[in-house]
Amino acid sequence: MASTSTLLMKTVFVVLIFVSFTISPANSTVPEECASESANPCVNKAKALPLKIIAIISILVASMIGVGAPLFSRSVPFLRPDGDIFTVVKCFASGIILGTGFMHVLPDSFDMLSSKCLEENPWHKFPFTGFLAMLSGLVTLAIDSMATSLYTSKNAVGIVPHGHGHGPANGVTLPTKDDDSATAQLLRYRVIAMVLELGIIVHSVVIGLSLGATNDTCTIKGLIAALCFHQMFEGMGLGGCILQAEYTNMKKFVMAFFFAVTTPFGIALGIALSTVYRENSPNALITIGLLNACSAGLLIYMALVDLLAAEFMGPKLQGSIKMQFKCFVAALLECGGMSILAKWA
C-alpha cells in the first residue's frame, strides 16, 4: 500500500506537469510582467536564502513535534486512545485538516487558475478549481473504497483476533462478531492513514516549493511562523490517524518521517529551481493550481467523511450528546484558527 501511494503521487505530479505544458499556448498573450522578475523592493535573493535555510530547519522541527506528539500519547494516561480527551483532540485535529482544505489550499488554487497571467481561454471560461476539487473528492472515494476492499481481502486471511470466541473441542478459537468488527475497523484506520498522508504530502510539497522559489523577504518572514504552526497542527491530525492504525514502530516512523521532510524538501527544491521558476509564469500557475485543487478535494473529503463523520456517527459520540458538543466545538475552534492563519499562510 505504501509503495502504491508513492507511485500514485508521482503519477499525479507527472500528469499535471505534462498538462500544464501542453495546455499553455506557445504564443502567449498574457502581460509581459508575468514572465519577468517582480519590481517589488522586498525581493532580494541574497537576503532570502538565509531565511529559507531557517525555514527548512524550523518547519522540520515543528513537523516532527506535531506528528510525533500523538504517537507518544499512549504513555500519557489521560491521552489514551480510547479516552474522551483523545476523541476531542482527534476532532480538533480533523478541524485543522478541514480548515486547511477550505481556507488555504482551495483559495490558492482559485487565485492561481484565475490569474491575469493565464490565457482567457480556457482558464477564465471554466471553473477548473471547483471541477478538479470535485473530481478529486470522487476519485478519493473510489481509491478509499477499493483500497479498503483490497486491504481487507489481503489481510483477512489468517487473521484471528485475540478475543473470547467459543470454538470446538480441538482448541481452535473462532473469532466472534466483535472480533471481526474490531479487525475491520483497524484495517479501515490503516487505509485512512495512508490516503490522508498522500493528500497532505502533495499539499506540503506544493507550499514548500512556493516558499523556496520566492525571493520576497517580506513574504518569507511571515510564512515561516505561519507554516510552523500549520505543519505542527496538521501533523497532530495525521499522527492521530497513524496511532489508531496500530502500525509497527518502523512503519510509524517511516510515515512520520515522510510527513516531516516533505515541506523542507519542497523548500529545497524551490531553492534549486529558483533561477528558472517564476511564480507568475503560466506554467507554474497551472501546475501548482491544479495540484492545489486536487489536494483540496482529497483533504476535504478525508476530513468530512473519514474523520469527522465517522467519529460523530460512531457509537462513542452517538451515545453522548455532551461528547458531541465538545467535539463539535473542538473542530469549530480549529477551523476558525486555520481561517485566521490564512491571513499569513
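Please read all numbers here as calculations on a predicted model, not as lab measurements. (Residues numbered from 1 in each chain as written. Predicted model: local features only at pLDDT ≥ 70, side-chain atom pairs only at ≥ 80, totals over all residues. Heavy atoms only, no water.)

## So, the overall build of the protein
Here is step 1 of the chain: Along the backbone of the protein there are 10 helices and 0 strands.
Here is step 2 of the chain: Listing every helix and strand of the protein by position from the N terminus yields α-α-α-α-α-α-α-α-α-α.
Here is step 3 of the chain: Within the protein, the proportion of its 345 residues that are buried is 46%.
Here is step 4 of the chain: Of the contacts formed within the protein by residues at least 6 apart in sequence, a portion of 85% connects residues at least 24 apart.
Here is step 5 of the chain: Counting only carbon and sulfur atoms, one obtains 70% of the accessible surface of the protein, whose full area is about 17500 Å². (Helix = DSSP H or I, 4+ residues; strand = E, 2+ residues; numbered from the N terminus. Buried < 20%, exposed > 50% of the residue type's maximum accessible area, 1.4 Å probe, protein only. Contact = heavy atoms within 4.5 Å. Areas by Shrake-Rupley, 256 points an atom, 1.4 Å probe, with all protein chains shown as cover.)

## Examining the packing of aromatic side chains
Here is step 1 of the chain: Inspection of every chain in the model, using the stated rule, returns 6 aromatic pairs.
Here is step 2 of the chain: Taking the centre distance of 6.3 Å and the plane angle of 75° together, the rings of Phe 92 and Phe 233 count as edge-to-face. Here Phe 233 lies in helix H6 (residues 217-245) and Phe 92 lies in helix H3 (residues 84-113), a separation of 141 residues in the sequence.
Here is step 3 of the chain: With a relative accessible area of 24%, Phe 92 lands in the partly exposed category.
Here is step 4 of the chain: When the ring of Phe 257 is compared with that of Phe 258, the centres are 5.9 Å apart and the planes differ by 75°; the resulting orientation is edge-to-face.
Here is step 5 of the chain: Looking at Phe 258, the relative accessible area reads 43%, which means it is partly exposed. (Phe/Tyr/Trp six-rings, centres within 6.5 Å; stacked < 30°, edge-to-face > 60°.)

## Overview of the UniProt feature "transmembrane region" (unreviewed entry) in the protein
Here is step 1 of the chain: Annotation from UniProt places "transmembrane region" (unreviewed entry) at residues 52-73, 85-106, 126-143, 191-211, 255-277 and 283-304.
Here is step 2 of the chain: Taken as a whole, residues 52-73 contains 91% helix and 0% strand, while its terminal C-alpha atoms sit 32 Å from one another.
Here is step 3 of the chain: With 100% helix and 0% strand, residues 191-211 has its two end C-alpha atoms placed 31 Å apart. (UniProt positions renumbered as here; feature names shortened; annotations may be inferred.)

## Quick notes on the side chain of Ser 94
Here is step 1 of the chain: Residue placement: Ser 94 occurs in helix H3.
Here is step 2 of the chain: For Ser 94, a relative accessible area of 7% puts it in the buried group.
Here is step 3 of the chain: Discounting chain neighbours no more than four positions away, the residues touching Ser 94 are Ala 303, Leu 307 and Leu 308.

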